[in-house]
Structures are given as C-alpha cells and as structure tokens.
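Spelled out, the chains give:
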Amino acid sequence: TKGSATKEVNGKDVFISGIYAPQPNSGLSNMKLVNKAKQESGLDFGIISVYLPWGDEQQCELPLALMDSIYHAQAIPMISWEPWQNLFKGQEQKKDVKVFQQITSGKYDSFLDRFSKQIKKIDKPVFLRFAHEADNPQYPWSATGKNTADEFKAAWKYVYNYFKKNKAHHVIWVWNPWKPEAVSGYFPGKSYVDWIGVTSLNYAAKNKDGKSYSMKELYAPFHRHPVFRSGLPVMLAEFGSLGSTTEQSIWLKNALTSSRLSFPEIKSFILFNSAADHNTIDPSHAVPYNWRIAQMSPLGEAAKEGNRIHAW
C-alpha cells in the first residue's frame with residue numbers, strides 16, 4: 001500500500017535502488033535493459049521509472065503491460081507525469097502556456113478522471129512524480145509557460161485531491177524541484193507529499209564552467225532546507241554522471257558513500273540510464289547527452305558496501 005511503501009523506509013537505514021532504462025526515443029523503461037542492468041550490477045531494483053506525458057496520443061496512455069511486468073519483477077513503477085498541453089487534440093498548434101491555471105479551472109478534469117480511475121483499478125502502489133522540475137525553464141510547465149509557483153502548488157493540490165476523490169489511495173506522491181532556490185516557493189505542503197525527489201545529475205565538462213560537481217556538492221544546498229529534514233524520505237530521482245568510464249564510476253561510488261554518511265534522509269536512487277537525453281542544459285546543444293552507465297558492477301559493489309539495499 002501507499003502507506004507501507006513510505007513508512008517502511010522512514011527511520012530505517014535502507015537504500016532502495018531503481019532505474020530508468022529506456023529504448024531510444026521512448027520514455028518507457030525497457031524490461032530487457034532493466035534485467036541486463038540487474039545482472040551486471042547485482043542490484044535488485046525496487047523502483048522502475050517511466051516518463052508519461054499528458055495528452056490524447058498513444059504515448060500518453062498508461063502502459064498496463066509494462067506496469068504488470070514491473071510488478072512481476074517485485075518492483076514499483078514510478079511515473080514522471082508530464083503535463084504537456086499540445087498533445088491533446090485541437091491544441092497541437094497552440095502555445096503551451098498556463099497549464100496549472102487550466103488544471104485548476106477544470107479543463108482537464110475528464111483526463112484526470114480517466115487516469116486516476118485507471119490507477120485505482122491497478123490497486124497496487126505507484127509512485128507519481130507530477131510536473132517534476134516545475135522551476136526548470138526548459139519545460140512549459142515552468143515560468144517559461146507563464147506559470148507561477150503559487151499556480152503550481154494550487155494545481156498540485158487539485159490533482160492530489162482529484163485522485164483522493166476517486167479513491168486512488170495507492171499513489172505515492174513525489175515532489176521534485178529542479179534547483180534548491182525553488183524549494184521554499186514550490187513546496188505544496190507536507191500533507192500533499194509522500195517523497196521528495198531531487199535531480200542529481202553531474203554534467204561534468206558540459207557545465208557552463210566546465211567543472212564536475214560531486215553528488216554532495218549538488219545535494220547539500222537542498223539538504224539545508226528544513227523540509228529535507230522533516231521526516232519525508234528523499235530519492236535521487238535522476239541519478240548519474242557524464243564523463244569517461246573511470247570518471248563516471250568514481251563519481252557514482254563517491255555519491256553512494258556521501259549519501260550513506262552525510263544524508264540519512266536519502267532512501268533511494270534511480271539510475272538515469274538513458275542514452276538519448278534531449279533535455280540539455282544548453283538549448284543550443286543539438287546532440288543528446290548519453291547518461292548510460294558504462295560499468296554497472298562497481299555501482300552494485302559500492303551500494304552493497306553500506307548494507308542498505310532493501311527489496312520491497
């Protein structure tokens with residue numbers, strides 16, 4: 001249940017491994033790739049990540065067969081639920097603006113109704129990472145699409161209450177800011193959040209300053225906010241590093257050590273094992289970033305050193 005999936009980790013020294021491992025040009029993890037990573041790393045992935053946009057197109061439909069495969073693997077799916085508007089019929093050519101205001105006005109009630117009832121029918125835990133990185137200017141649900149932090153919070157509560165009204169009680173709500181500066185303004189309230197997600201991606205030489213940043217350097221500014229020490233479990237919802245095979249392996253190993261020693265609130269990491277990330281930090285950069293983990297075995301060894309790996 002939602003409660004056990006959250007309470008089970010609170011106060012315990014556990015670390016739930018997860019993975020996002022899609023085929024190119026897909027937001028859905030591929031179970032063959034997941035199983036390959038599992039064999040190479042020795043990790044028993046407890047969370048498997050998928051990205052699902054809003055809209056009327058086929059790519060927006062809940063992938064029921066994949067969900068069944070994830071549950072069969074004794075894992076819980078995490079849906080990063082992206083509120084695009086131009087994938088709805090009749091809106092293809094319109095500017096994607098004011099999505100949160102549109103949500104709270106009831107424009108997407110029929111979509112919310114159908115989706116929440118599908119989730120309810122599954123009757124198993126589902127992590128739902130709604131409108132992640134709402135402060136990230138590359139997404140139209142950010143200020144780029146003329147949305148405000150208050151509108152985001154209102155929409156979050158609206159969607160949360162819609163699922164509650166339809167008795168979709170197995171949803172585990174993951175709130176994920178992009179930058180630490182957005183934490184205070186975008187947090188919808190502890191009553192509406194089950195887990196906090198953090199994007200922990202090291203762009204290394206691709207950063208504007210050309211510097212590589214450790215997981216500790218990336219995460220510490222988040223940790224300083226009181227909500228990160230309020231008892232809510234934290235997951236590194238996108239976890240990875242660019243760089244050479246050696247640099248990447250060292251970064252990942254140090255990241256796991258840092259989370260174990262310095263940040264006990266971190267209870268999960270989701271490997272961002274994607275070879276085609278078009279959401280680059282430099283919009284003029286045409287070539288997608290490759291976050292694929294070149295060597296899985298050192299990662300599994302490092303994670304198990306802390307004796308915190310936990311299966312559901």
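Throughout this description, residue numbers start from 1 for each chain and increase along the sequence as written. Given that this is a predicted model, residues contribute local features only at a pLDDT of at least 70 and side-chain atom pairs are listed and counted only at 80 or more, while totals for whole chains, interfaces and linings are drawn from all residues. To get the side-chain values, all heavy atoms of the structure are used, and hydrogens and water are removed first.

Novice: Tell me about the pairing of strand β1 (residues 16–20), and please be specific about residues and values.
Specialist: Burial within β1 is extensive, with five of its five residues counted as buried. In this analysis, strands are considered paired if DSSP registers two or more bridges between them. In DSSP terms, a helix is any run of H or I states spanning at least four residues, a strand is any run of E spanning at least two, and both are numbered starting from the N terminus. Summarising the sheet, β1 and strand β8 (residues 266–272) pair through five bridges and their orientation is parallel. By the bridge assignment, I16 is partnered in β8 with S268. Sheet topology note: the β1/strand β2 (residues 47–53) ladder contains two bridges and is parallel. Across the sheet, residue I19 finds its bridge partner in β2, namely I48. Residue burial is assigned from relative accessible area. The probe radius is 1.4 Å, only protein chains are included, and a residue is buried under 20% of its type maximum, exposed over 50%, and partly exposed in between.

Novice: Could you give an account of the packing of aromatic side chains, naming the residues involved and the relevant values?
Specialist: Ring pairs are drawn from Phe, Tyr and Trp, using the six-membered ring of Trp, whenever the two centres fall within 6.5 Å, and their geometry is named by plane angle: stacked under 30 degrees, edge-to-face over 60, tilted for the rest. Throughout the structure, instances matching the rule amount to 38 aromatic pairs. Their ring planes at 55 degrees and their centres at 5.1 Å tell us that F15 and F269 sit as a pair that is tilted. Pair noted here: F15 is in the loop between α1 (2–7) and β1 and F269 is in strand β8, with a separation of 254 residues, a long-range link. There is no split in this pair, since F15 and F269 are both buried. Whether a charge lies above a ring is judged from NZ of Lys or CZ of Arg, which has to be within 6 Å of the ring centre and within 35 degrees of the ring normal. Positioned over the ring face of Y162 is K165, at 3.9 Å from the centre of the ring. Taking the ring centre of W178 as reference, the NZ or CZ of K179 above it sits at 4.7 Å.

Novice: Can you lay out unusual backbone geometry for me, pointing to particular residues and giving the numbers?
Specialist: Note on backbone geometry: most residues besides glycine have negative phi, and most peptide bonds are trans. In the Ramachandran plot, K167 falls in the positive-phi region, its phi being about 60 degrees despite a non-glycine side chain. With respect to the secondary-structure elements, K167 resides in the loop between α6 (149–165) and β5 (171–175). Even without being a glycine, A204 presents a positive backbone phi close to 50 degrees. Mapped onto the elements, A204 comes out in the loop between β6 (195–202) and α8 (215–223).

Novice: Talk me through the environment of P180; I want residue IDs and the actual numbers.
Specialist: Within the element layout of this structure, P180 appears in the loop between β5 and α7 (183–186). C-alpha of P180 to C-alpha of P221: the two residues are 41 residues apart in sequence and 5.9 Å apart in space. Only heavy atoms matter for contacts: two residues are in contact if any of them lie within 4.5 Å across the pair. Dropping the residues within four chain positions of it, P180 is found in contact with P221, F222 and H225.

Novice: Before we move on, can you summarise the environment of V126 with the specific residues and values?
Specialist: Relative to the helices and strands, V126 resides in strand β4 (residues 126–130). Along the chain, V126 and Y71 lie 55 residues apart, while their C-alpha atoms are 10.0 Å from each other. Residues within four places of V126 in sequence aside, it is in contact with M67, Y71, I76, P77, I79, I119, H170, V171 and I172.

Novice: Run through the nonpolar core, naming residues and quoting values.
Specialist: Only buried residues count toward a nonpolar core. Its members are Ala, Val, Leu, Ile, Met, Phe, Trp, Tyr and Cys residues joined through side-chain atoms within 4.5 Å. Counting 77 residues, the largest nonpolar core has I79, W81, I119, F130, F163 and Y219 as its most contacted members. No other element matches α6, which puts eight residues into this core. Once residues lying within four places of it in the same chain are set aside, the contact partners of F130 are W54, W81, P83, F100, I103, A155, W156, V159, W173 and V174. Counting 11 residues, the second largest nonpolar core, distinct from the first, contains I16, I172, A237 and I270.

Novice: Explain the sheet that holds β6 to me, using residue names and the numbers behind them.
Specialist: Taken in spatial order, the eight strands close into a barrel running β1-β2-β3-β4-β5-β6-β7-β8, and their pairing is parallel. Ignoring strand direction, the axes of neighbouring strands in this sheet form an average angle of 30 degrees. This element, helix α3 (residues 64–72), spans β2, β3 (76–82) and β4 of the sheet and lies at about 145 degrees to β3. For helices, the fitted axis covers only the stretch in contact; all axes are lines through C-alpha atoms, and the angles between them, taken along N-to-C directions, range from 0 to 180 degrees. Against the sheet, α8 engages β6, β7 (234–241) and β8, with an angle of about 145 degrees to β6.

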